[in-house]
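In case you want the letters, here they are:
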Amino acid sequence: MTENSWRQLGLTDSEYEKIVNQMGREPNLVELNMYSVMWSEHCSYKHSRSSLRLFPTDGPRVVQGPGENAGVVDIGDGWAAVFKIESHNHPSAVEPYQGAATGVGGILRDIFTMGARPVAFLNSLRFGNLEDARGRYLFDGVVAGIGGYGNCVGIPTVAGEIYFEPCYQGNPLVNAMCVGVMPLERLVLGKASGEGNLLLLVGARTGRDGIHGVTFASEELSEASEERRPAVQVGDPFMGKLLLEATLETIEKNLVAGVQDLGGAGLTCALTETASRAGSGVEIDLEKVPLREEGMHPFEILTSESQERMLLIVEPDKLEAVEEVFKRWELKPAVLGRVTGDGMVVAKYRGEEVVRVPAASVAGGSPLYEPEAKEPEYYARLSRFDPSSLLVSDDYGDILLKLLSAPDIASKEWVWRRYDYMVRTCTVQGPGGDSAVIRLRETGKGLAMTVDGNGRYCYLDPYLGGMLAVAEATRNLSCTGAEPVGITDCLNFGNPEKPGIFWQFRRCVEGMAEACRVLEAPVVGGNVSFYNEVEGEAIYPTPVVGAVGLLEDYKKQGAAFFSSEEDIICLLGSDQISLGGSQYLKTMHSKTAGKPANIDLLFEKRLQVMLRRLISENLINSAHDLSDGGLAVALAECCMPGNYGAEIELELQKDPVNELFGEGPSRVLLSVSANLYGEVENLCSEAALPLQKLGKTGGQALIINSGDDIIIKLTLSEMSKAYKEVFTCIME
Amino acid sequence: MKFAVIVFPGSNCDLDAYHLVQDILNEPVEYIRHDTDSIGDADLVIIPGGFSYGDYLRSGAIARFSRIMPAVTEFAQSGGLVLGICNGFQVLTEAGLLPGALIRNRHLQFRCGQVYLRVENNSTPFTFTATRSDILKIPIAHGDGSYYVPPEKLQEIEDNGQVLFRYVNSSGEVTDEANPNGSINNIAGVCNKSGNVAGLMPHPERAGERILGSEDGLVIFKSVINYFGKKGVGAGD
Amino acid sequence: MKWLAKVEVTLKQAVLDPQGVAVESSLTTMGYENVKRVRVGKYLELVLEAADRDKASAQVEEMSRRLLSNPVIEDFSYSIQEAGV
Amino acid sequence: MKWLAKVEVTLKQAVLDPQGVAVESSLTTMGYENVKRVRVGKYLELVLEAADRDKASAQVEEMSRRLLSNPVIEDFSYSIQEAGV
Ligand SMILES: Nc1ncnc2c1ncn2[C@@H]1O[C@H](COP(=O)(O)OP(=O)(O)O)[C@@H](O)[C@H]1O
Ligand SMILES: [Mg+2]
């Protein structure tokens, strides 16, 4: 091996040395390629592993935490929820439709690999400016790709979030999440155990697509990366659906000993991980791999990232039964080889041994880095920014309309009407509320789910931002009455080898971990996406939290908007708000600066417990969490869906801009029937939770009074027009 | 009466149709796989929505050649009741059991949401218990749902009363805004000349419970059950 | 012998072609105002074995009629050549 | 002068063509077992005004590259002829 060979494959000199040490000899070219993909950041988590240990990953409900294809949580009655989120940022930057589609396909396989029936998709997206044609192209393509795959496989896409910031211009974020359910005893793991068991590869043929996709994902985007770009992978949702049905059937019939999907790093990853998880070895014949193209080199076969493939570990006497199931789904597994006991991954090609590597070394032997963390220069500077120094307009109605039509806040119906969010007829709360709710036919329970992240907050204060993301996600669950049972997270950051970026990362993780601990939301899986940079410019630090909650009775879900006249509107929770990092600053002053409002996690927890109680005892008619755009936007959002106006009194002495548009956590807007208000008030005061009466529902306008002045009066149709037509105008 | 739901590779609303019949209508129902050649003793065959064979090439084009289809055709030709929903509608047009074809939505996007349908003919087995001009709130979810039929044929199916449902606004008016996909004459569903085979793009099987947003889809299934009851058990076929 | 068939499937004139309309208007927006009409169809390549060109041709005709096109909305045309390997 | 351009857009060789695979296996099931390989692409017809064939050709090339094909996954080819009206 020459220095060039490993450096070109993205390995450092010391990493190469480590490989030689662990192998006890120099690797050949095929083996080196395997190490290269598995020791890439994407597969080895070498810069993040030590920080991820901070997350609480245990809890009474946790069946399987991080380390498997997806997390598994006990949801009672012998059932489990299985979920995971994953990024597909780099592929989507290159080819938005296929990048997003294969992202959805990949996360789908992670769920059914465990034995679970996928029941919902969610996604979290970030794009640059929509004034730019490329920005619109990426946005439209990603949305079409998510729908294209999800609609075709017949799993509803029920929730998501989308933000637009210039920092995502060349490096959009596409994070896809999937939730599945299964009877607990059906759980299968990605382990190649049982010497003599067979290794079966099933699904699409293997082509040259996506070779070195993981190394591509582990570097910054630049013009040079354009050339190193692997052949784009194309999603085949039809094949995905066949694989899903067939795999689940083999698991249901108890025919498989282990299952592993092929994702990043292809066969190499699947073989080395399943072997190392089981402490076993494997031996395969590469000529048995069904190929799509002629003349593929062994290393290409081993590192191809062709989509829609699964690896199954099957006892020899069950082979026939497995083949039978797959045949019914028009698929034919190939027997590649068998499980051995010596811990080695061995591959033969044309009678020759081309690979003999220790599984544990390839899959888990990469170095662990503790990168330097250093507070970046911008942090203190932006923290000092004082929003009250800005010139302020007093046309609050106009500000509200501008906020309602800001792409970050505006209705995303243009997006989700392109997703089939109803298929499977279990979506009892679709997109548009605080969380989606999927019912479980088998048990009558409901699963609430949401994804949340706020890059601006994390940029301005990563520790606080990390806490806020977890708090918001769990609060969104609580707004439907669901109790959080676990979270999965996708950590999107720049280049961790830069001290400023690693500081952002570390602080975010610390904040998230703290919030998870206090709010009792264990992290059961996730994904890290580094190197989200274009020409040296990093994205905002953007952790995305996917949260899942349990509703004892899906029929008792809380709604997010007003549903009757003459209800009392009140604000439950904290009065801590800030214009720092707010949508108001961004939209009205083109600024991202200042300090977001702080959070008291214990207070947050009490608030969420109270919300769930109010909903389960049928004491409130709606609960909507205050987030982007503050109180005024939340009021508008509660009015529009059901066509109920509201009349609100604002305290005179307060500063209207701050009061109306300031943002802060631990705040929820409630509507309560007048006859129940007293009871709600009592419960809240017993729990030391402030409850502030704001006004009443009714009429066809949102009217906000301050003393004798009407400071906002907007008709529902005016607001709806601003809120609903934005994307149609920009995109069509 | 007995319902059958055909399952092609890539069907995915088979489950929804099945559950509606079983859990809401409390009628017997079974799945029938695409690779068999009999529909057994079913009284109504539902060809469900989804993406049979990925909808590759053209929606419904490949499924139409499945092994089960000759049995479906024979059943239909002998007067059996066949209902195609969404992808099932596409399969039935591809198979020539229903007139016309379904092409890309006019705006080129997949569209999911609630629409309103007006019942145009209530004398078919599928609309029997509805009143003419009834307005039903039913969801759609499709990318290739723009109904097309050549002009001469259009006249013919209109004259014959083969148009079962039209997209309308909430007040029941046929308008361009109410047309979610560019279908000719706002046509959402049609039947064959003898009225025993019907297809529609919207999903009545998703509109069977209040908690899902509407119960208006039930009228179609109840019509069939009623019609069948009137016809008397064992009659026909 | 091996043959390469190239099949073009186009929407009939009377059928509205929303994709064609969309492409045309994008081209106009991009400044290609001299483009007068765009129609979008499908293009398929098939490699098949057949004893002679006529047999290949007859089969391609049949496959196009039965599966590759829908006669209610589409027309097709095709050409056949020997497949170089 | 008016020109008719016919543009064929095909997936690059290394790119998976799920539609082609599905059509191929359907043809096999229908009994056309001698069909060895199917690729599905797009076919576009454009009518455009241009002073001469070279100008038309250059423009079609440019439009194909910029809009009609997606260079990341597709190749294209085209032919040009005078448009009979
Ligand atoms: N940010 C994170 N938080 C918690 N767990 C994580 C995180 N990132 C990765 N993990 C866990 O590390 C393991 C490897 O992740 P990944 O390589 O994305 O899985 P896969 O091979 O299925 O794509 C998974 O079990 C995943 O849940
Ligand atoms: Mg996996």
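Above this text you will find the structure in question.
Residues numbered from 1 in each chain as written. Chains lettered and ligands numbered in written order. Predicted model: local features only at pLDDT ≥ 70, side-chain atom pairs only at ≥ 80, totals over all residues. Heavy atoms only, no water.

Trainee: Quick question: what am I supposed to make of the overall build of chain A here?
Mentor: Across its full length, chain A carries 28 helices and 28 strands. Dimensions along the principal axes, computed over C-alpha positions, put chain A at roughly 90 × 55 × 45 Å. Across the 732 residues in chain A, those meeting the buried criterion constitute 67%. For chain A, the exposed area adds up to about 24,300 Å²; of that, 47% sits on carbon and sulfur atoms. Side-chain charges of chain A comprise 66 positive and 101 negative groups, with the mean position of each set lying 3 Å from the other. (Helix = DSSP H or I, 4+ residues; strand = E, 2+ residues; numbered from the N terminus. Buried < 20%, exposed > 50% of the residue type's maximum accessible area, 1.4 Å probe, protein only. Areas by Shrake-Rupley, 256 points an atom, 1.4 Å probe, with all protein chains shown as cover. Lys, Arg positive; Asp, Glu negative; His and termini not counted. Charge placed at Lys NZ, Arg CZ, Asp CG, Glu CD.)

Trainee: Help me out: how do you make sense of the interface of chain A and chain D in this one?
Mentor: How big an interface is tends to be reported as the loss of accessible area on association of its parts. On the chain D side, the residues contacting the 12 residues of chain A number 7 residues. Taken together, the two surfaces of chain A and chain D that pack against each other cover about 910 Å², and 65% of this comes from carbon and sulfur. When the buried area of chain A at its contact with chain D is split by residue, Val232(A), Val234(A) and Arg292(A) rank highest and sum to 42% of it. Here the residues of the side of chain A that touches chain D are counted per class, giving 5 nonpolar, 1 polar and 6 charged. (Contact = heavy atoms within 4.5 Å. Buried area = accessible area lost by both parts, 1.4 Å probe. Nonpolar A, V, L, I, M, F, W, Y, C, P; charged D, E, K, R; others polar.)

Trainee: What exactly am I supposed to notice about the interface of chain C and chain D here?
Mentor: Contacts between the two partners involve 29 residues from chain C and, on the opposite side, 29 residues from chain D. Roughly 2,900 Å² of surface becomes buried between chain C and chain D when both sides are summed, with 61% attributable to carbon and sulfur atoms. Summed over the shared surface of chain C and chain D, the result is 0 salt bridges. Along the contact surface separating chain C from chain D lie 16 residue pairs in polar contact (both at pLDDT 80 or more). Every element with two or more residues in the side of chain C that touches chain D is listed here: β1 (2-11), α1 (18-29), β2 (35-49) and α2 (53-68) of chain C. (Salt bridge = Lys/Arg side-chain N within 4 Å of Asp/Glu carboxyl O. Polar contact = N/O pair within 3.5 Å; in protein donor to acceptor, adjacent residues only side chain to side chain.)

Trainee: Hey, could you run me through empty space enclosed by the protein in this one?
Mentor: The probe, sized like a water molecule, is rolled over the atoms to show the empty space still left. Residues and elements named next belong to chain A. Overall, the coordinates contain 2 cavities of 30 Å³ or more when judged by the stated rule. By volume, the largest cavity is sized at about 180 Å³. Counting only elements with at least two residues in the lining of the largest cavity, the list comes to α19 (455-460) and α20 (462-478). In terms of residues, the lining of the largest cavity owes the most to one element, α20, which gives 5 residues. Here the second largest cavity is characterised by a volume of approximately 50 Å³. In this structure, the second largest cavity is lined by Arg-126, Tyr-163, Glu-165, Tyr-168, Gly-453, Asn-454, Gly-455 and Arg-456. Along the lines of polarity and charge, the residues of the lining of the second largest cavity split into 2 nonpolar, 3 polar and 3 charged. (1 Å grid on protein atoms, 1.4 Å probe; cavity = no way out; pocket = protein on both sides within 12 Å on 5 of 7 lines; lining within 4 Å. Points joined across faces, edges and corners; volume = space filled by probe spheres on them.)

Trainee: Quick question: what am I supposed to make of the sheet that holds strand β14 (residues 427-429) of chain A here?
Mentor: Strand pairing in a sheet is mediated by backbone hydrogen bonds. Such pairs are either parallel or antiparallel. Residues and elements named next belong to chain A. One open sheet accounts for 6 strands, arranged β14-β15-β16-β21-β17-β18; its pairing is mixed. The open sheet has two free edges, formed respectively by β14 and β18 (523-529), since each of these has just one partner strand. Between one strand axis and the next, the sheet turns by 20° as a mean value, whatever way the strands run. With 6 bridges connecting them, strand β17 (residues 483-492) and β18 associate as parallel partners. (Pairing = 2+ DSSP bridges. Axes fitted to C-alpha atoms, helices over the stretch in contact; angles between N-to-C directions.)

Trainee: What is the right way to read the coordination of the magnesium ion (ligand 2) from this model?
Mentor: Six octahedrally arranged donors around a metal ideally form angles of 90 or 180 degrees; four tetrahedrally arranged donors ideally form angles of 109.5 degrees. Residue and element names in this part refer to chain A. Taken together, Asn-69 (OD1), Asp-110 (OD) and Asp-261 (OD) make up the full set of protein donors to the magnesium ion (ligand 2), lying 2.1 to 2.7 Å away. Each donor residue of the magnesium ion (ligand 2) belongs to the same chain, and together they define the spacing N-x40-D-x150-D. Here Asp-110, found in helix α7 (residues 96-112), pairs with Asp-261, found in strand β8 (residues 258-261); they are 151 residues apart in sequence, far enough to count as distant. Asp-261 matches Asp-110 in its accessibility class, with the two residues each being buried. (Donors = N, O, S within 2.8 Å, 3.2 Å for Na, K, Ca; no water.)

Trainee: Explain the side chain of Lys241(A) here, please?
Mentor: One can find Lys241(A) in helix α11 (residues 237-252). The exposure class of Lys241(A) is buried, given its relative accessible area of 8%.

Trainee: Can you help me understand the pairing of strand β3 (residues 79-87) of chain A in this one?
Mentor: Regular strands place side chains that alternate from one sheet face to the opposite one. All names here are of chain A. With 8 of 9 residues buried, β3 is to be regarded as a mostly interior element. Note that strand β2 (residues 71-74) and β3 share 4 bridges and pair antiparallel. Considered in β3, the bridge of Asp-74 is made with Ala-80.

Trainee: What is the right way to look at the site of ligand 1 in this model?
Mentor: Residue and element names in this part refer to chain A. Contacts to ligand 1 come from 17 residues, most closely from Tyr-45, Gly-67, Glu-68, Glu-86 and Asp-489. Contact between ligand 1 and Gly-67: an oxygen atom at 2.6 Å from a main-chain N or O atom of the residue. Between Glu-68 and ligand 1, the recorded distance is 2.6 Å, taken from a backbone N or O atom to an oxygen atom. The protein chains hide 87% of the 550 Å² of surface that ligand 1 would expose on its own. If you list the elements that add at least two residues to the shell around ligand 1, you get β3, β17 and β18. Of the residues forming the shell around ligand 1, the biggest block, 5 residues, is contributed by β18. Along the lines of polarity and charge, the residues of the shell around ligand 1 split into 7 nonpolar, 5 polar and 5 charged. (Near = heavy atom within 4 Å.)

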